[in-house]
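One letter stands for each residue in the lines below.
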Amino acid sequence: RPLMGTTPEHFTFDPKAARLSFINAIGNTPTLSYHKAKGPNSFLFLPVSTGKHVAGACICAGVPAPFGQTKGTLQYTPTAQAEDVGSGTVNFNNDCQPQP
């Protein structure tokens, strides 16, 4: 479909946006009804190197850590939905054996 929505009630895509947010939902029945599961999500559009005028996206600036040596934090992001009762942060400090 075109980037421009057919009417003001239709979504218009921004071709310069790197992120497209959406609600991922699954129904409970074959007919229109309350969603049994839903949640916010997004697509992240990153440039791919063409080798000429466009550089690819750099996800990790720097040398990747050796296998099993990564350290960091996983942080829960609330969704502001009634079913959303989670919270917290989990740290991970891997100390794995070298990769086989």
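Reading the values: rules and limits
Residues numbered from 1 in each chain as written. Predicted model: local features only at pLDDT ≥ 70, side-chain atom pairs only at ≥ 80, totals over all residues. Heavy atoms only, no water. Patch = residues over 30% accessible without salt bridge, like charges linked within 9 Å, V, L, I, M, F, W, Y side chains within 5 Å. Areas by Shrake-Rupley, 256 points an atom, 1.4 Å probe, with all protein chains shown as cover. Salt bridge = Lys/Arg side-chain N within 4 Å of Asp/Glu carboxyl O. Helix = DSSP H or I, 4+ residues; strand = E, 2+ residues; numbered from the N terminus. Buried < 20%, exposed > 50% of the residue type's maximum accessible area, 1.4 Å probe, protein only. pLDDT = per-residue confidence, 0-100. Phe/Tyr/Trp six-rings, centres within 6.5 Å; stacked < 30°, edge-to-face > 60°. Contact = heavy atoms within 4.5 Å.

A surface patch of nonpolar side chains, about 280 Å² in accessible area, is lined by L3, F11 and F13. Here F13 is to be found in the segment before β1 (19-27). Looking at F13, the relative accessible area reads 31%, which means it is partly exposed.

Taken residue by residue, the chain gives an average pLDDT of 78. The fraction at 70 or more is 76%. Taken element by element, the predicted model of the chain shows its lowest mean pLDDT in strand β4 (residues 89-93) (73) and its highest in β1 (87).

Moving on: the packing of aromatic side chains. One pass over the structure, following the stated rule, counts three aromatic pairs. Geometrically, the ring pair formed by F11 and F13 is edge-to-face, given 5.0 Å between the ring centres and 80° between the ring planes. F11 gets classed as partly exposed once you look at its relative accessible area, which sits at 47%. Taken together, the ring pairs in this structure connect F22, F43 and F45 into an aromatic cluster.

Its location among the elements puts L44 in strand β2 (residues 35-44). Between the alpha carbons of L44 and R19 there is a distance of 4.5 Å; along the sequence they are 25 residues apart. Not counting the four nearest positions on each side in its chain, L44 is found in contact with A18 and R19.

Here the focus is the environment of K36. Along the chain, K36 turns up in strand β2. As a C-alpha pair, K36 and I26 span ten residues in sequence and 6.2 Å in three-dimensional space. Excluding its chain neighbours within four sequence positions, the residues that come into contact with K36 are I26, G27 and N28.

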